[in-house]
Amino acid sequence: MTDITIYSGENPPPAKVFDSLYELTEISFPACERRTKAEHFAEYEHTQFRSLCYCPNGNLAGYMNYWEMDEFIYLEHFAVSPELRGKGIGAAMAEELKKLSCGLIVLEAEPSEQSGTAKRRTGFYERLGFTINPYDYIQPPISGNQPPVLLRLMTYPRAISQSEYLNIRRDLYSHVYGVGSDWKCSLDE
């Protein structure tokens, strides 16, 4: 796949690309699963954070925001422009991310029973080789007063053990969400 650029703190996206990326984020994710525009741009200050952007003809068609952790890559957001979905772009981008990974890729997904959209997304990831793991996972508030979200961790190329899950959750909570590895939540609160 050509027309791929990876942005980071050392090579942040130009304003046009970042604005398009955030606009695509707003139409692809509910508010409880995305940061504010300023918070998202601040992610580039983290040395582990990257954006893989597909920009044919200089226009953003899709992106993957991910974190390069010590033991895995965490895929935080993955979106393709609505008018280009179903054309193989997402699958091709996933293959690019797999090439960058030295092992495990982790993502958060809504349980497929929550909605038709969640079921389609989960099915897409399963077709790419991701596995739904059975462990209860609650995403801490991603921004401000947003509520925590019940999600599932999906992993590629294999399922993870409970001890691996606990280590991944610890890393996500402390590095990505900044809540500390001992953060606890009840969705009933």
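For the structure itself, consult the block above.
Residues numbered from 1 in each chain as written. Predicted model: local features only at pLDDT ≥ 70, side-chain atom pairs only at ≥ 80, totals over all residues. Heavy atoms only, no water.

**Concerning the pairing of strand S5 (residues 104-109)**
Then, number 1: Of all six residues that make up S5, six are buried, and the element is covered over most of its length.
Then, number 2: Judged by which residues are buried, S5 turns out to be covered on both faces: Leu104, Val106 and Glu108 on one side and Ile105, Leu107 and Ala109 on the other are all buried.
Then, number 3: By the bridge criterion, four bridges tie strand S4 (residues 72-80) to S5 in an arrangement that is parallel. In the strand pairing of S5, tyrosine 74 is matched with valine 106.
Then, number 4: Assessed by its sense of winding, the connection that carries the chain from S4 through helix H3 (residues 89-100) to S5 is right-handed. (Buried < 20%, exposed > 50% of the residue type's maximum accessible area, 1.4 Å probe, protein only. Helix = DSSP H or I, 4+ residues; strand = E, 2+ residues; numbered from the N terminus. Pairing = 2+ DSSP bridges. Right-handed = clockwise from strand over helix to strand, strands pointing away.)

**Some details on the nonpolar core**
Then, number 1: Counting residues in hydrophobic clusters, the biggest one holds 34 residues, and the most contacted among them are Cys53, Tyr63, Phe72, Tyr137, Ile168, Leu172 and Tyr177.
Then, number 2: Residue assignment for this core shows that the elements contributing at least two residues are helix H1 (15-28), strand S2 (49-54), strand S3 (62-68), S4, S5, strand S7 (137-139), strand S8 (149-156) and helix H5 (162-176).
Then, number 3: Among the elements that line this core, the one with the most residues is H5, at five residues.
Then, number 4: Among residues more than four places away in sequence, those in contact with isoleucine 168 are Phe72, Leu104, Val106, Leu153 and Ile160.
Then, number 5: By size, the runner-up hydrophobic cluster in this structure holds 20 residues, among which are Tyr54, Ala61, Met93 and Leu107. (Core = buried A, V, L, I, M, F, W, Y, C linked by side-chain atoms within 4.5 Å. Contact = heavy atoms within 4.5 Å.)

**Quick look at the pattern of salt bridges**
Then, number 1: Evaluation of the coordinates by the stated rule reveals ten salt bridges.
Then, number 2: Across the pair glutamate 68 and arginine 50 runs a salt bridge, and its minimum N-O distance is 3.5 Å. On the criterion of sequence distance, the pair formed by glutamate 68 in strand S3 and arginine 50 in strand S2 is long-range, its members being 18 residues apart.
Then, number 3: Taking the relative accessible area as the measure of exposure, glutamate 68 reaches 31% and is therefore partly exposed.
Then, number 4: Note that aspartate 136 and arginine 152 form a salt bridge whose closest N and O atoms lie 3.3 Å from each other. Residue aspartate 136 is located in the loop between strand S6 (131-132) and S7, and its partner arginine 152 is located in strand S8; the two are separated by 16 residues in the primary sequence.
Then, number 5: On the accessibility criterion, aspartate 136 (59% relative accessible area) is exposed.
Then, number 6: Residue classification places arginine 152 among the partly exposed positions, given a relative accessible area of 21%. (Salt bridge = Lys/Arg side-chain N within 4 Å of Asp/Glu carboxyl O.)

**Describing H1**
Then, number 1: With 14 residues, H1 extends 20 Å between its outermost C-alpha atoms, agreeing within 8% with the 20 Å of an ideal straight helix rising 1.5 Å per residue.
Then, number 2: Every buried residue belonging to H1 is among Val17, Phe18, Leu21, Tyr22, Leu24, Thr25 and Ser28, and all of these are buried. In a view along the axis of H1, the buried residues occupy a sector of 160°, so they form one face of it. Exposed residues pointing more than 90 degrees away from the buried face of H1 are listed as Ala15, Lys16, Glu23 and Ile27.
Then, number 3: Buried residues in H1 make contact with strand S1 (4-7), helix H2 (37-42), S2, S3, S4 and helix H4 (116-127). (Expected span 1.5 Å × (residues − 1). Arc of directions from axis to C-beta.)

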